[in-house]
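# Reading the structure
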Amino acid sequence: MYGLSPADLDLQARARAFVDTLIPYEVEAELHAGELPPAVLADQRRRVRELGLYATNMPAELGGGGCSMLQQVLVQEQVGRATNALGWIVHTPPSWFPPVATPDQVERYLRPTVAGDTQECYAITEEGAGSDVDAIMATARRDGDAYVLNGVKWHVTSYNDAGYAFFQAKLTEGLHAGEHALFIVDLPSPGVRVVRTPLYSHSISHHHPIVAFEDVRVSAANLVGSEGGGMAFSYEWFRYERMMVAARCLGAADRLITEATAFARERIVEGQPLIEFQAIEIMLADSVTELFAARSMTYEAARGVDAGIDLKVQHAQCSMAKLYASEMAGRVADRAVQVFGGRGYMRENVAERFFRELRVERIWEGTSEVQRQIVAQQLAKRGLRALV
Ligand SMILES: Cc1cc2nc3c(=O)[nH]c(=O)nc-3n(C[C@H](O)[C@H](O)[C@H](O)COP(=O)(O)OP(=O)(O)OC[C@H]3O[C@@H](n4cnc5c(N)ncnc54)[C@H](O)[C@@H]3O)c2cc1C
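The structure contained in this document is the topic of the report that follows. The structure presented is a predicted model; accordingly, all values stated were derived computationally and were not measured.

Calculation notes
- Residue indices follow the written sequence of each chain, beginning from 1 at its first position.
- Selection of residues for local features in this predicted model requires a pLDDT of at least 70, selection of side-chain atom pairs for listing and counting requires 80 or more, and totals for whole chains, interfaces and linings are taken over all residues.
- The basis for the side-chain values is all heavy atoms of the structure; hydrogens and waters are excluded.
- Helix and strand definitions here come from DSSP, where helices need a minimum of 4 consecutive H or I residues and strands a minimum of 2 consecutive E residues; each element is numbered from the N-terminal end.
- By convention in these notes, a residue is near a molecule or strand provided one of its non-hydrogen atoms lies within 4 Å of it.
- Think of a polar contact as two N or O atoms within 3.5 Å of one another; within protein, one of them needs to be a possible hydrogen donor and the other a possible acceptor, and neighboring residues in sequence only count if both atoms come from side chains.
- Accessible surface is estimated by sampling points in the Shrake-Rupley manner with a 1.4 Å probe; for residues, cover comes only from the protein chains shown.
- A cavity here means a set of points on a 1 Å grid, drawn over the protein atoms and nothing else, where a 1.4 Å probe fits but cannot get out; a pocket is an open set with protein on both sides within 12 Å along at least five of seven lines, and a residue lines either one if it has an atom within 4 Å of a point.
- Grid points are joined across faces, edges and corners, and a volume is the space filled by probe spheres set on the points.
- By the convention adopted, Pro, Cys, Tyr, Trp, Phe, Met, Ile, Leu, Val and Ala count as nonpolar, Lys, Arg, Asp and Glu as charged, and the other residues, Gly among them, as polar.

## Observations concerning the environment of glutamate 236
Within the secondary structure layout, glutamate 236 lies in helix α6 (residues 230–266). Along the primary structure glutamate 236 and glycine 163 are separated by 73 residues, whereas in three dimensions their C-alpha atoms are 22 Å apart.

## Structural notes on the site of the ligand
The local shell around the ligand holds 16 residues, among which Thr125, Ser131, Thr157, Thr367 and Glu369 are the closest. In this structure, threonine 125 approaches the ligand through a side-chain N or O atom, which is 2.6 Å from a nitrogen atom. Glutamine 373 places a polar side-chain atom, nitrogen or oxygen, 3.3 Å from a nitrogen atom of the ligand. In the complex, the protein chains occlude 64% of the 970 Å² of accessible area that the ligand would expose alone.

## Some thoughts on empty space enclosed by the protein
Counted according to the given criterion, the structure contains 1 cavity of 30 Å³ or more. Counted as a void, the largest cavity has a volume near 40 Å³. Surrounding the largest cavity, Leu256, Ile257, Ala260, Met283, Leu284, Ser287, Val332, Arg335, Ala336 and Val339 form its lining. Mapped by element, the contributors of at least two residues to the lining of the largest cavity are α6, α7 (278–307) and α8 (311–340). Element by element, the count of residues in the lining of the largest cavity is highest for α8, at 4 residues. Looking at the lining of the largest cavity residue by residue, the class counts come to 8 nonpolar, 1 polar and 1 charged.

Structure (structure tokens):
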């Protein structure tokens, strides 16, 4: 099915087998704020590298997997089958970075990241700037051979594990005053402080604190690309991450349908397996149908990226895949809770966990409303034939 090559199928099987070893730890993670014992984590970290599943999106010359977009989707689809973000150990560093990184940035940040010795986090969103990234208030002022950064960033995912942050700000002066620029800030650095670490719906070990950057000095060598180029990197990362969100939602839906079907076969009500009741059949059938549609769409969109189709069309197709797959997965989780009945409301049940965890897939990396806006704008500009 899907015309996958032997290499694709091998990678998919490796990722599936690895994620199968994570799933038994889900309930323990759920009950301990996402944390697993250090020895278990160390073993998972070792195996993910041995299996060639780490940094699949990075170029082979930097030590990454050099995988096609379709192959990355296949891996992240498997990652999505585990709850509590246990699959995030299959890390994908910033794929937009290698073409623009200076030799110094390659050595100091990229190579160690691909090797798994450090990790990045993103500090872009602010209290008054999320969907509308251009509304950020964070500033960058040039001072000799350094920049001075100021701003308060929200939802900085994985800050607690990160060795450095990408910090997006607007330049206060010079030729590009008012335009965006992206900087690398080492963590910890003087002037960087956690304001607070809010709790979220999911129980994962990656925190999303609010972080204040107060007169943080970074060397000019930590500017990514050029002044005024900040937004371009964010757009590229959004495009990539939207595809990966779609992929993980496919995996989540696959797991939910598999588990709900197994339960519906075993549970006997009025002398009959649950799966023989039409009301249950409808929920499962709708779920499988929508998964098939979402998977076909996501794989096709990934193939388009690999074929190098027009960038704006890629952008719209990644948005469509993210929009449809995330909404599909939310519906599937809701139905799965219903199929499990009271068990589906227990935190030890996979459907309960996914029901909470999948909600954010419609929010981060651009909300569903923003994805619809992107698709509609591209439709108006390019017409239907260009998009589908
Ligand atoms: C768990 C989590 C982790 C995150 N991790 C990171 C991270 O690591 N780094 C980072 O920088 N950010 C991160 N974010 C931020 C995330 O990208 C934003 O939350 C998201 O882009 C939405 O922005 P917002 O929260 O400001 O919502 P708003 O922009 O305030 O949106 C509120 C509502 O208005 C709607 N809306 C907004 N604009 C429009 C429009 N033009 N038309 C119609 N409706 C609109 C939205 O769809 C939404 O329903 C994270 C968020 C969460 C929840």
